[in-house]
Each structure stands twice: as structure tokens, then as C-alpha cells.
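# Descriptive analysis of the structure
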Amino acid sequence: MMGLDDDLKLMIAMAKGEKAMDADAAQAAVQRIKAGTPEIATLFKAPETDPKSEALPTIWDEFDQFTTLAQELEQAAAKAAPTIQDRPTLAQAVANIGGACRACHRRFRK
Ligand code: HEC
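Residues numbered from 1 in each chain as written. Predicted model: local features only at pLDDT ≥ 70, side-chain atom pairs only at ≥ 80, totals over all residues. Heavy atoms only, no water.

The terminal C-alpha atoms of helix α4 (residues 63-80), which comprises 18 residues, lie 26 Å apart, in line with the 26 Å expected from a rise of 1.5 Å per residue. Taken as a whole, α4 has its buried residues at Phe-63, Phe-66, Leu-69, Ala-70, Leu-73, Ala-76, Ala-77 and Ala-80. When α4 is viewed along its axis, its buried side chains cluster within an angular range of 145° and face the same direction. Opposite the buried face of α4, at more than 90 degrees from it, the exposed residues are Asp-64, Gln-75 and Lys-79. (Helix = DSSP H or I, 4+ residues; strand = E, 2+ residues; numbered from the N terminus. Expected span 1.5 Å × (residues − 1). Buried < 20%, exposed > 50% of the residue type's maximum accessible area, 1.4 Å probe, protein only. Arc of directions from axis to C-beta.)

Moving on, we come to a nonpolar patch on the surface. Together, Met-1, Met-2 and Leu-43 give the surface a local cluster of nonpolar side chains, amounting to about 270 Å² of exposed area. In this structure, Met-1 sits in the segment before α1 (4-16). You can call Met-1 partly exposed: its relative accessible area is 45%. (Patch = residues over 30% accessible without salt bridge, like charges linked within 9 Å, V, L, I, M, F, W, Y side chains within 5 Å. Areas by Shrake-Rupley, 256 points an atom, 1.4 Å probe, with all protein chains shown as cover. Salt bridge = Lys/Arg side-chain N within 4 Å of Asp/Glu carboxyl O.)

Quick look at the nonpolar core now. The nonpolar side chains of a soluble globular protein tend to be buried, and buried together. Membership of the largest hydrophobic core comes to 31 residues, with the highest contact counts inside it found for Met-11, Phe-66, Leu-90 and Ile-97. Within the residue set of this core, elements represented by two or more residues are α1, α2 (23-43), α4 and α5 (87-108). In terms of residues, this core owes the most to one element, α4, which gives 8 residues. Contacts of Ile-97, omitting those with residues within four sequence positions, involve Leu-8, Met-11, Val-30, Ile-33, Leu-73, Ala-76, Ala-77 and Ala-80. (Core = buried A, V, L, I, M, F, W, Y, C linked by side-chain atoms within 4.5 Å. Contact = heavy atoms within 4.5 Å.)

With that out of the way, let us pick up α5. Helical geometry: 3.6 residues make up each α-helical turn, so side chains three or four residues apart lie on a common side. Here α5 is 22 residues long and its end C-alpha atoms lie 31 Å apart, about the 32 Å a rise of 1.5 Å per residue gives. Three or more residues of α5 are buried, namely Leu-90, Ala-93, Val-94, Ile-97, Gly-98, Ala-100, Cys-104 and Phe-108. Here the buried residues of α5 occupy an arc of 150° about the axis, which is enough to place them on one side. Exposed residues on α5 whose side chains face more than 90 degrees from its buried face are Pro-88 and Arg-106. Here the buried face of α5 lies against α1, α2, α3 (58-61) and α4.

Purely geometric stuff here, so don't read any function into it on its own.
Written out as C-alpha cells, the structure reads:
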């Protein structure tokens, strides 16, 4: 969905050592995730009718909850950004942000 996945994957690759650690690049990725979160609710405002969509119809019955989960991702990203300095702090940021992604997917994605 949007660029969220690319940014999180970049962070994971750096945390695992598959890519050179670059705190500035990791923080930039977190900032992009944070900046993208308000779009999630906007994107899903209109009920999804694409049969290929993995979005559960409960999104639109529980849109407040959906919006809250999007805001929680935004907060997790805002909190994580300044903490990233090295691999361990990046791994922690990935865990916190990834947890916020999963919280919404578990509830609202098929
Ligand atoms: C507030 C809810 C919510 C949050 C937070 C959220 N997602 Fe999603 N995500 C969804 C929903 C709903 C779908 C299913 C969309 C569809 O199929 O139409 C989805 C689908 C996806 C997909 C499947 C492919 C695609 O593009 O549809 C990927 C990958 C993904 N999300 C990555 C992420 C990542 C990474 C994060 C965190 C940085 C994240 N998501 C945070 C709700 C969320």
C-alpha cells in the first residue's frame, strides 16, 4: 500500500545488515511513513468495491477504529524517528512500526 511497504522493507534490510546502516536514510523512511499515514484513512473513505481488494468490509462499519489505528501508526513513527541511531535502535523502531501495521492488518485485512 502506497510506499509504506518499501520504506519498512528498507528499514528491515538495514536492521538485518543486508544493507549498510544509514541512520539518516532510516529516519527519512520513517518520516515518509509518518507523512503517508493520514492518506490511509482518505484512501479508504469510499467503500472498496474492487473484488481483488483484501480490505475487509468492517472497515466501513468501524471507520473510527480504522482511523485510530492509522493514527497509532503515525504516532509510532513520530516516536521512533528521533531514536534511530544504529542497528539495535533501528530494529526497535521496526518492531514498533511493524506492530502498528500489523494491528490494522489483523483486524481489517483479509
Ligand atoms: C489503518 C489500517 C492500516 C495500517 C495502519 C496499515 N495498513 Fe497496510 N493494509 C490495510 C488494508 C485494509 C489493506 C488491504 C487493502 C486492499 O487490498 O484494498 C492493506 C494492505 C497492505 C499491503 C498489501 C498490498 C497492497 O498494497 O494493498 C501491504 C504490503 C501493506 N498493507 C503494508 C503496510 C505497511 C508496511 C504498513 C505500516 C507501515 C501498513 N500497511 C499499515 C490497512 C492498513
